[in-house]
Amino acid sequence: MLNKIEEGSMEISMEETSSRKTRQKILKLPKKMKKILKNLWNVGKEDTRRVKHALKVGVSLTLVSLLYLMEPFFKGIGKNAIWAVMTVVVVLEFSAGATLRKGLNRGLGTLIAGSLAYFMEFVAVNSGKIFGGIFIGAAVFIIGSTITYMRFVPYIKKNYDYGMLVFLLTFNLITVSSYRVGDSVIKIAHQRLLTITMGIGVCLFMSLLVFPIWSGDDLHKFTVTKLQGLSLSIEACVSGYFEEDKGKENSDSESESDDEEVIYKGYKTVLDSKSSDEALAMSASWEPRHTRRCQKFPSQQYIKVGSVLRKFAHTVVALHGCLQTEIQTPRSIRILFKDPCVRLSGEICKVLSELSESLRNRRHCSPEILSENLEIALKDLNNSIKSQPKLFLGSNLHSDITNKHLNGHVSHYNDHNPNGITSYHNDNNSLNGNVLGQTTQQNDAVSRPRLNSAVLSSSFVGDTSNRRSVKKSAAIGEKRRLRKQLSKIAVMKSLEFSEALPFAAFASLLVEMVARLDTVIDEVEELGTIACFKEYDKTVDIVVGD
């Protein structure tokens, strides 16, 4: 009876627990729905073209659905109208270039596959039922294997992979189905090509004429954004390296996290841009010449600019790493080099900003983009480093003190060495860190009298072995003491150099950025020449500056 009561109470408690969890989920449902709606709103807010593209796809699907909904169209085309709907779903991409590439691939693949299928059916019909089936099977095998192998060719895979896939699918569907279906290949191919052409026409109309989205413009704007991001990242790195101590009470943790986000976002966008650049360049190469001058879009040159910017971004990553290393140069030493470093980084950011502005306005950059101020900042940084030789050459300046300290320890060891042990030193060898090896040679070179084997007794041998073990243990203890002393000296000696070593890495990265600026400028200028950018007008900059 008690067991039944306990089982009943347990079931009641489990039901209460489950009902409580259900109520909690129901109460959290409005918050989840609000979060989902907020995410959807942010997606459209980041880029309003996404909303336009979604509306264009909806309108396109509605237009091709009329082939089913309207009786005259359905009687003329029939069930093949589904191919128009599938074409819109597959072909209509976000940008005009991508839509054009897919549409032409699908149209050409269908046209060539239909023509080849008609030829295969003509041969099969005139060869009899049995031989025709064998011929169709052999043709499907040969063409399927050949087309699949051709898809591995890099150029074909890059430009015409989708067309090859459509060709293979259409050829097999038409050829195999026509063997059993009563309709002729001409009729099947005609209806399928007609519906696919309708779908492609609707896609091209919506993509090229209704709020067109050009991949070339996106690639152009993306390159400008990368230049601006690198400039902001460098500026934030240098300001963070020379800022005041983070331990102060008035330090703002939120501003520090914002600076880290600016630095990270600036170079991460550039480093992750390879796939985006190639995809946009591929789509842009298929777009029509829609500009006023009708020049060909230099997609390959944009890829070269992106590659150069990625190499430049690697130095920005290393510069950011200088802010996060475990061993840091004291801020009292950093402040000595703050002014030339800030001026040098400012000139680098000016060059990157000028390049981004010239790209945005589609004009050549200023001939004086590498100003004299950049060279002056480099010389000032070099002179400020030369003015502090003790920081960068501390190990050489203190070598005499270290050697004297080592000599004192070795002489102290020799004075306390028992039994008149003498070491054989080479006069040409200088005193260095191999003192432990010399101590070992001293123990091995001990002079002792020769004894006849007949005179040796077991007790004497035992005493001799004991004395040797005592001497060996004493030597080991002395070695350990000397090793500890030497390690302390080495640590102190290395600390004198490590104070300035992290800053040396920081300064060398700034100089490396200046060296890589030439390559970036050359590629951007080459881009302006190929794209026929307008010439630099100094009066415009003066008006803007005023």
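Residues numbered from 1 in each chain as written. Predicted model: local features only at pLDDT ≥ 70, side-chain atom pairs only at ≥ 80, totals over all residues. Heavy atoms only, no water.

1. A closer look at the packing of aromatic side chains
Aromatic ring pairs are reported here in terms of the distance separating the ring centres and the angle at which the planes meet.
So, point 1. In the structure shown here, the tally under the stated rule is 9 aromatic pairs.
So, point 2. Relative to Phe-171, the ring of Phe-167 lies with its centre 6.1 Å away and its plane at 15°, an arrangement referred to as stacked. Of this pair, Phe-167 and Phe-171 both sit in helix H8 (residues 161-180), 4 residues apart, which is roughly one turn of that helix. Both residues of the pair, Phe-167 and Phe-171, count as buried.
So, point 3. Measuring from centroid to centroid gives 5.9 Å for Phe-242 and Phe-506, while their planes differ by 80°, and the two rings are edge-to-face. Separated by 264 residues along the polypeptide, Phe-242 in the loop between helix H10 (215-241) and helix H11 (253-271) and Phe-506 in helix H22 (residues 501-530) bring together distant segments of the chain. Per residue, the accessibility class of Phe-242 equals that of Phe-506, and both read buried.
So, point 4. Aromatic ring contacts, followed pair by pair, group Tyr-155, Tyr-160 and Trp-286 into a single cluster.
So, point 5. Taking NZ or CZ as reference, Lys-102 lies 5.2 Å from the ring centre of Tyr-162, over its face.
So, point 6. Residue placement shows Arg-334 over the ring face of Tyr-241; its charged tip is 4.3 Å from the ring centre. (Phe/Tyr/Trp six-rings, centres within 6.5 Å; stacked < 30°, edge-to-face > 60°. Helix = DSSP H or I, 4+ residues; strand = E, 2+ residues; numbered from the N terminus. Buried < 20%, exposed > 50% of the residue type's maximum accessible area, 1.4 Å probe, protein only. Lys NZ or Arg CZ within 6 Å of the ring centre and 35° of its normal.)

2. Looking at the environment of Lys-187
So, point 1. The topology assignment puts Lys-187 in helix H9 (residues 185-208).
So, point 2. With a relative accessible area of 43%, Lys-187 lands in the partly exposed category.

3. Some remarks on the side chain of Ser-366
So, point 1. In this fold, Ser-366 is placed in the loop between helix H15 (338-360) and helix H16 (372-386).
So, point 2. Once you skip the residues sitting within four places of it in the chain, Ser-366 turns out to touch Glu-354 and Tyr-536. (Contact = heavy atoms within 4.5 Å.)

4. Things to note about the packing of H15 against H22
So, point 1. The N-to-C vectors of H15 and H22 enclose an angle of 20°; their axes lie 11 Å apart at closest approach. Classified by the angle between their axes, H15 and H22 sit roughly parallel to one another. The way H15 lies across H22 gives a crossing that is left-handed. Contacts between H15 and H22 pair Cys-341, Leu-344, Ser-345, Ile-348, Val-351, Leu-352, Leu-355 and Leu-359 from the former with Phe-503, Leu-510, Met-513, Val-514, Leu-517, Val-520, Ile-521, Val-524 and Leu-527 from the latter.
So, point 2. Classifying every residue of the contact of H15 with H22 by side-chain character gives 16 nonpolar, 1 polar and no charged. (Axes fitted to C-alpha atoms, helices over the stretch in contact; angles between N-to-C directions. Parallel < 35°, antiparallel > 145°, perpendicular 65-115°, else oblique. Left-handed = near helix turned anticlockwise from the far one by under 90°. Nonpolar A, V, L, I, M, F, W, Y, C, P; charged D, E, K, R; others polar.)

5. As for the packing of H10 against helix H12 (residues 274-286)
So, point 1. The geometry of H10 relative to H12 is characterised by a closest axis approach of 8 Å and an angle of 150° between their N-to-C directions. Classified by the interaxial angle, the pair formed by H10 and H12 is roughly antiparallel. As H10 runs across H12, the sense of the crossing is left-handed. Contacts between H10 and H12 involve Ser-215, Gly-216, Asp-218, Leu-219, Phe-222 and Lys-226 on the former and, on the latter, Ser-276, Asp-277, Leu-280, Ala-281, Ser-283 and Ala-284.
So, point 2. The residue inventory of the contact of H10 with H12, partitioned by class, reads 5 nonpolar, 4 polar and 3 charged.

6. Quick word on a negative patch on the surface
So, point 1. A cluster of like negative charges, contributed by Asp-258, Asp-259, Glu-260 and Glu-261, occupies part of the molecular surface.
So, point 2. One can find Asp-258 in helix H11. (Patch = residues over 30% accessible without salt bridge, like charges linked within 9 Å, V, L, I, M, F, W, Y side chains within 5 Å. Areas by Shrake-Rupley, 256 points an atom, 1.4 Å probe, with all protein chains shown as cover. Salt bridge = Lys/Arg side-chain N within 4 Å of Asp/Glu carboxyl O. Lys, Arg positive; Asp, Glu negative; His and termini not counted. Charge placed at Lys NZ, Arg CZ, Asp CG, Glu CD.)

7. Describing the pattern of salt bridges
In a structure, side chains of opposite charge can pair up when their charged atoms sit close to one another.
So, point 1. Inspection of every chain in the model, using the stated rule, returns 17 salt bridges.
So, point 2. For the salt bridge of Arg-49 with Asp-47, the shortest nitrogen-to-oxygen distance reads 3.1 Å.
So, point 3. Note on Arg-49: relative accessible area 26%, which makes it partly exposed.
So, point 4. We classify Asp-47 as buried; its relative accessible area is 17%.
So, point 5. Note that Lys-379 and Glu-375 form a salt bridge whose closest N and O atoms lie 3.5 Å from each other. Residue Lys-379 and its partner Glu-375 are both found in helix H16; the two are separated by 4 residues, about one turn of the helix.
So, point 6. You can call Lys-379 partly exposed: its relative accessible area is 49%.
So, point 7. Of the residues examined, Glu-375 reaches a relative accessible area of 46% and is grouped as partly exposed.
So, point 8. Via salt bridges that share partners, Asp-47, Arg-49 and Asp-218 belong to a single interconnected network.

8. So, the state of the cysteines
So, point 1. Scanning the model with the defined rule gives 0 disulfides in all.
So, point 2. No disulfide involves Cys-349; its sulfur sits 9.6 Å from that of Cys-237, the nearest cysteine. (Disulfide = S-S within 2.5 Å.)

9. Quick look at a positive patch on the surface
So, point 1. On the surface, Lys-21, Lys-25, Lys-28, Lys-31 and Lys-32 cluster together into a patch of positive charge.
So, point 2. Residue placement: Lys-32 occurs in helix H1 (residues 2-46).
So, point 3. Its relative accessible area of 52% is what places Lys-32 among the exposed residues.

10. Observations regarding the confidence of the model for the protein chain
So, point 1. Averaged over the protein chain, the pLDDT score is 76; the fraction of residues at 70 or greater is 71%.
So, point 2. Overall, residues 481-496 carries pLDDT values under 50, and its contacts beyond four positions in sequence, including any with other chains, amount to 15 contacts.
So, point 3. Here residues 542-546 is a poorly scored stretch, pLDDT under 50, and it has 0 contacts once near neighbours within four places are set aside; other chains count. (pLDDT = per-residue confidence, 0-100.)

11. A few points about H15
So, point 1. Taking 1.5 Å of rise per residue, the 23 residues of H15 would be expected to cover 33 Å, and the 32 Å separating its terminal C-alpha atoms lies within 8% of that figure.
So, point 2. In the segment just after H15, Arg-362 is the residue with positive phi, at about 55°. (Expected span 1.5 Å × (residues − 1).)

12. Some remarks on the side chain of Arg-310
So, point 1. By secondary structure assignment, the location of Arg-310 is in helix H13 (residues 299-322).
So, point 2. In terms of polar contacts, Arg-310 uses its side chain to reach the side chain of Ser-273, at 3.4 Å.
So, point 3. Not counting chain neighbours up to four residues away, the residues in contact with Arg-310 comprise Val-270, Leu-271, Ser-273, Lys-274 and Asp-277. (Polar contact = N/O pair within 3.5 Å; in protein donor to acceptor, adjacent residues only side chain to side chain.)

13. Here's the deal with the nonpolar core
So, point 1. Counting 54 residues, the largest nonpolar core has Leu-230, Phe-312, Ile-348, Leu-355, Phe-503 and Phe-506 as the members making the most contacts within it.
So, point 2. Looking at this core, the elements with two or more residues in it are H10, H11, H12, H13, H15, H16 and H22.
So, point 3. If you tally residues by element for this core, the top one is H22, at 12 residues. (Core = buried A, V, L, I, M, F, W, Y, C linked by side-chain atoms within 4.5 Å.)

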